[in-house]
Amino acid sequence: MTADLEFMPWTAVRDLVAARAIVDAAGEDNGGVLIDALHMDRSGTTPAQVATLPASRIHYVQFCDGFADYDRSDEGLIKIARSARLFPGEGAIDLVGLARAIPEGVTISVEVPNHALAKTLDPVARARHAIATTREILARAGRA
């Protein structure tokens, strides 16, 4: 079992640097930092910074995408995170760079809460699309 700290720019743990410091200070072998692509991008964390994390600290990663232009207020960030994410490859987040930065064998989940899309695509169609777009990102990163 692992304990993974997810950083979010509207919280006290705003970015990868803060999350890593907390996990490292805890000193537990099963501690990790959860990398969520949206929070990575919105916090100013880069794939190059993700690549500096020891492989033992990355247990899984969440893929999604987001628009380049967005409401940068805490309220705006929360709204997008909870209800307006895009499928991988459909926005401006450097998912190819993230895919290249994470260690081989790390589990990738796709987290795309999107209230508008849920009204037009059934759950199976959304899941199939999430798989297809994620595989496309991985192929572009040379990770297929």
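Structure's up top.
Everything in this summary refers to the structure shown in the same document. (Residues numbered from 1 in each chain as written. Predicted model: local features only at pLDDT ≥ 70, side-chain atom pairs only at ≥ 80, totals over all residues. Heavy atoms only, no water.)

## Thoughts on the overall build of the protein
Stated precisely, the cut-off is as follows: Helix and strand labels come from DSSP, where a helix needs a run of H or I of at least four residues and a strand needs a run of E of at least two; each type is numbered from the N terminus. Our radius of gyration is a C-alpha quantity, and the globule rule it is checked against amounts to 2.2 Å times the number of residues to the power 0.38. Accessible area is worked out with a 1.4 Å probe on protein chains only. A residue is then buried under 20% of its type maximum, exposed over 50%, and partly exposed in between. By definition in these notes, contact holds between two residues if any of their heavy atoms fall within 4.5 Å. Computed by Shrake-Rupley with a 1.4 Å probe, the accessible areas treat only the displayed protein chains as cover when residues are assessed. Only four residue types enter the tally: Lys and Arg on the positive side, Asp and Glu on the negative side, with His and both chain ends excluded. Where a charge lies is defined by one atom per residue type, namely NZ (Lys), CZ (Arg), CG (Asp) and CD (Glu).
Helix and strand counts for the protein come out as seven helices and four strands. Starting at the N terminus, the α and β elements of the protein follow one another as β-α-β-α-α-β-α-α-β-α-α. Computed over its C-alpha atoms, the radius of gyration of the protein comes to 15 Å, within 12% of the 15 Å expected for a compact globule of 144 residues. In terms of its C-alpha atoms, the protein occupies a principal-axis envelope of roughly 45 × 35 × 25 Å. By the burial criterion, 41% of the 144 residues in the protein qualify as buried. Sequence-distant contacts, at least 24 apart, represent 81% of the contacts inside the protein between residues at least 6 apart. Surface exposure of the protein reaches about 7600 Å², of which carbon and sulfur atoms provide 54%. One way to put it: in the protein the 15 positive side-chain charges average out to a point 4 Å from where the 19 negative ones average out.

## Thoughts on the nonpolar core
Inclusion rule: Joining through side-chain atoms within 4.5 Å is the link that ties buried Ala, Val, Leu, Ile, Met, Phe, Trp, Tyr and Cys residues into a set, and such a set is a nonpolar core.
With 34 residues, the main nonpolar core has Phe7, Val33, Ile35, Val50, Val61, Phe63 and Leu98 as its most contacted residues. Contributing elements (two or more residues each) for this core: helix H1 (16-26), strand E2 (31-36), helix H2 (37-43), strand E3 (60-63), helix H4 (74-83), helix H5 (95-101) and helix H7 (123-140). Among the elements that take part in this core, H5 stands out by supplying five residues, more than any other.

## Examining the pattern of salt bridges
Worth spelling out the cut-off: Definition used for salt bridges: Asp or Glu carboxyl oxygen within 4 Å of a side-chain nitrogen of Lys or Arg.
This model, assessed by the stated rule, comprises six salt bridges. For Asp36, the salt bridge goes to Arg85, with nearest N and O atoms at 3.1 Å. Taken as a pair, Asp36 in strand E2 and Arg85 in the loop between H4 and H5 lie far apart in primary sequence, 49 residues in all. You can call Arg85 buried: its relative accessible area is 3%. Salt bridges sharing partners connect three or more residues here, namely Arg20, Asp24 and Arg57.

## Some words on the sheet that holds E2
Convention followed: At least two bridges found by DSSP between two strands are what make those strands a pair. In this analysis, axes come from line fits to C-alpha atoms, helices being fitted only over the stretch in contact, and the angle between any two N-to-C directions falls in the range 0 to 180 degrees.
What the four strands build is an open sheet, ordered E1-E2-E3-E4; its pairing is parallel. The two strands at the open ends of the sheet, each matched to only one other strand, are strand E1 (3-6) and strand E4 (107-110). This sheet shows a mean twist of 30° between the axes of neighbouring strands, independent of strand direction. Where E3 and E4 come together, four bridges link them in parallel fashion. Pairing of Tyr60 across the sheet is with Thr107, part of E4.

## Some remarks on the environment of Arg143
The line we're drawing: Counting of polar contacts relies on pairs of N or O atoms within 3.5 Å, with two restrictions inside protein: one atom must be capable of donating a hydrogen and the other of accepting it, and residues adjacent in sequence are counted only when both atoms are side-chain atoms.
Its location among the elements puts Arg143 in the segment after H7. Put simply, Arg143 and Thr45 are 98 residues apart on the chain and 21 Å apart in space, counted from C-alpha to C-alpha. Apart from residues lying up to four places away in sequence, Arg143 is in contact with Ala99, Arg100, Ile102, Pro103, Glu104, Gly105 and Leu138. A distance of 2.4 Å separates a polar atom in the side chain of Arg143 from the backbone oxygen of Ala99.

## Quick word on the side chain of Gln62
Here Gln62 lies in strand E3. Setting aside residues no more than four positions away along its own chain, Gln62 makes contact with Glu6, Leu34, Ile35, Asp36, Ala37, Ser109 and Glu111.

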